Amino acid sequence: MDYLIELSKGLAVLMQPDILPYLIGGYLIGTFFGAVPGLTSMLAIALLLPLTYSLDITAALVACAAIFMAGMCSGSITATTINIPGAPASMMTAIEGYPMQQRGEGAKALGHAALASMIGGALGAIMLMVMAPLATEAALLIRTPGKFSLIAFALIVIVISQRGAISKGLVATTLGVMVATVGIDVMQPVTRFTFGTGVLMQGIDIMPLVIGAFAVSELLVQSQNRASRTVEVDAIKASVIRRRDFIPPWHEVREIGVYRYVKTAIIGYSVGVLPGAGGSMAAFVAYAESMRSSRHPEKYGKGSVEGIAAAEGANNAMCSGAFVPMLSFGIPGDPTTAIVLGVLVINGLQPGPQFLDSQLALVAPMFMALLVAALVMVPLTLYVLGPWFVRIVSIRRDVLYASIAVIALVGCYVATYSIFQMGLALVFGVLAFLLRRQGYPVACLLLGFVLGPSLEEYCRRSLSLSDGNPLIFLTSPDSLFFLALTGVFYYFMVVRKPEARQHA
């Protein structure tokens, strides 16, 4: 009962005049960044990170939740209208949405995408509110060796989730863990890898890494694109949309069915709980399951509304699922929640088993922001701005990316008043750019950096408890469970998958 009261108070806080604008503004910013090809909601939150030093923590979390939800659902805009996914999670939507656009049904496709996003996002937020306390209670049962094995499991799943680039994911993750070791030792008051410089004694902050890896590197990547605008003028003229066309026909909604909407939301939420999985995997898994169970699988790839509903419902439900491991264990569910974790750390808060009990009043408005963004902001934004979507996201690239560069670097400096931190952002930006050119996943670098200190700390604590005997990881039941779970995931994601391909 106390939990429900706190959630209702969170809704009241969200509706306050000094908090509600952050929900609306965050959603509009997320819609823009999610719809513009080359930009993502992750970049938007990365640019917001320096501002959290001066923002109220509740307002910052509400803005992050709104950006996350908006960025996920708005990727379908350009995926449908011009066949360029605004976000990686919208690739499956482009497969079905663009053929409908070519048939003159683009508005209807966007309507189905918005409806599925609304249902999936709302169900995901409700599941988050229901499951988060249960996950917290489970986290209290995990002892030190189990915590090490849990974080190791998370890192291994993050690596093997990089389909076709597992070795590169391992290198990037290891590099992130190595960067996190700079500064004061996690167990003893001694410095390491500081090269005799005082500025590195406190370690490397998450902010220059986030700004560099996602903002600066994106600028360098986009500098190789010679197009003058993000969306060409011809595409704008070819995608004239009226508001009344957005409403999906009722018979098509009934054909998709309540069961499919709920099933894809559960799939998306479950995938979101897995560390490092992300919206792309959620959309792919839900799309594949929808096609498998469909009465008309032959329509998939040719403009199926079922496929759109499955992909969009799953990737929006994933947003809420990704918060569960982050709040309960301090393990981000995806790169975006890793940056949200940075927002909490910057404000002196460390998620863990007791975080929800002690800071529920702080995160309840964020939970409600996810629900309100899905139920209200998704359909409202589509109806109000829908006919102008493609025109809004078509802007000059030089103006756009120059503005991002200024916001990123100036924000990095203003947040810390340190030229060194701004220089680090540039260094990490160049490093991330070189990694991306060679196909190394930069998200693994960030997740390795975030989880590396905890991995080392729990490993060394466990070994100190057992006088250096590593068998403690095999004799502790919770540790053994996560090690066995790691083996199961490795088998199904790495070993069995190639066999399936071979027999196909």
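Up top is the structure.
A quick note: this is a predicted structure, and the numbers were derived from the prediction, not measured.

A.B. asks: So what about the packing of aromatic side chains? Which residues, and what values?
C.D. replies: With the rule as written, the count across this model stands at six aromatic pairs. With a centroid separation of 5.3 Å and an interplanar angle of 80 degrees, the aromatic rings of F153 and F489 are classed as edge-to-face. One end of the pair, F153, is in helix α7 (residues 144-160); the other, F489, is in helix α23 (residues 477-503), with 336 residues separating them in the sequence. Looking at K168, its charged tip hangs above the ring of Y440, at a distance of 5.5 Å from the centre.

A.B. asks: So what's going on with a nonpolar patch on the surface? Which residues, and what values?
C.D. replies: On the surface, a nonpolar cluster with roughly 450 Å² of combined accessible area is contributed by L375, V376, L380, Y383 and V384. With respect to the helices, strands and loops of the structure, Y383 is situated in helix α17 (residues 355-385).

A.B. asks: Could you give me a rundown of unusual backbone geometry, with the residues and numbers involved?
C.D. replies: The residue F195 is not glycine, and still its phi comes out positive at about 55 degrees. Looking at where F195 falls in the secondary structure, it is placed in the loop between β2 (191-192) and α9 (206-222). The backbone of D467 shows a phi angle near 55 degrees, a positive value even though the residue is not glycine. Among the secondary structure elements, D467 is positioned in the loop between α21 (442-465) and α22 (472-475). Judged by its relative accessible area of 75%, D467 is exposed.

A.B. asks: Pulling in residues and values, what's your account of the packing of helix α8 (residues 166-180) against α21?
C.D. replies: Following both chains from N to C, one finds α8 and α21 inclined at 45 degrees, their axes separated by 7 Å at the closest point. One finds that α8 runs oblique with respect to α21. The crossing of α8 and α21 is right-handed. Touching G169, A172, T173, L175, G176, V177, V179 and A180 of α8 are C444, L445, G448, F449, G452 and P453, all from α21.

A.B. asks: I'd like to hear about the pattern of salt bridges, residue by residue, with values.
C.D. replies: Tallying each qualifying case throughout the model produces nine salt bridges. Residue D185 pairs with R460 through a salt bridge whose shortest N-O separation is 2.9 Å. Of the two residues, D185 is situated in the loop between β1 (183-184) and β2 and R460 in helix α21; the sequence distance between them amounts to 275 residues. Classification of D185 by relative accessible area gives buried; the value is 11%. Here R461 makes a salt bridge to E457, at a shortest N to O gap of 2.7 Å. Of this pair, R461 and E457 both sit in helix α21, four residues apart, which is roughly one turn of that helix. Residue R461 is classed as partly exposed on the basis of its relative accessible area, which comes to 37%. Through salt bridges with shared partners, a single network forms among D185, R192, E456 and R460.

A.B. asks: Please provide a residue-by-residue account of the side chain of S149, values included.
C.D. replies: Along the polypeptide, S149 turns up in helix α7. Judged by relative accessible area, S149 falls into the buried class, the value being 0%. Aside from chain neighbours lying at most four places away, what touches S149 is F473, S479, F482 and L483.

A.B. asks: So what's going on with α9? Which residues, and what values?
C.D. replies: Its 17 residues place the ends of α9 23 Å apart at the C-alpha level, agreeing with the 24 Å of an ideal helix rising 1.5 Å per residue. Along its length, α9 shows its largest kink, about 35 degrees, at G212. Extensive coverage of α9 is indicated by the burial of 15 of its 17 residues.

About the cut-offs
- Residues numbered from 1 in each chain as written.
- Predicted model: local features only at pLDDT ≥ 70, side-chain atom pairs only at ≥ 80, totals over all residues.
- Heavy atoms only, no water.
- Phe/Tyr/Trp six-rings, centres within 6.5 Å; stacked < 30°, edge-to-face > 60°.
- Helix = DSSP H or I, 4+ residues; strand = E, 2+ residues; numbered from the N terminus.
- Lys NZ or Arg CZ within 6 Å of the ring centre and 35° of its normal.
- Patch = residues over 30% accessible without salt bridge, like charges linked within 9 Å, V, L, I, M, F, W, Y side chains within 5 Å.
- Areas by Shrake-Rupley, 256 points an atom, 1.4 Å probe, with all protein chains shown as cover.
- Salt bridge = Lys/Arg side-chain N within 4 Å of Asp/Glu carboxyl O.
- Buried < 20%, exposed > 50% of the residue type's maximum accessible area, 1.4 Å probe, protein only.
- Axes fitted to C-alpha atoms, helices over the stretch in contact; angles between N-to-C directions.
- Parallel < 35°, antiparallel > 145°, perpendicular 65-115°, else oblique.
- Left-handed = near helix turned anticlockwise from the far one by under 90°.
- Contact = heavy atoms within 4.5 Å.
- Expected span 1.5 Å × (residues − 1).
- Bend = angle between axes of the 7 residues up to and from the residue.

Honestly, that's just the spatial picture; any functional story needs more than this.
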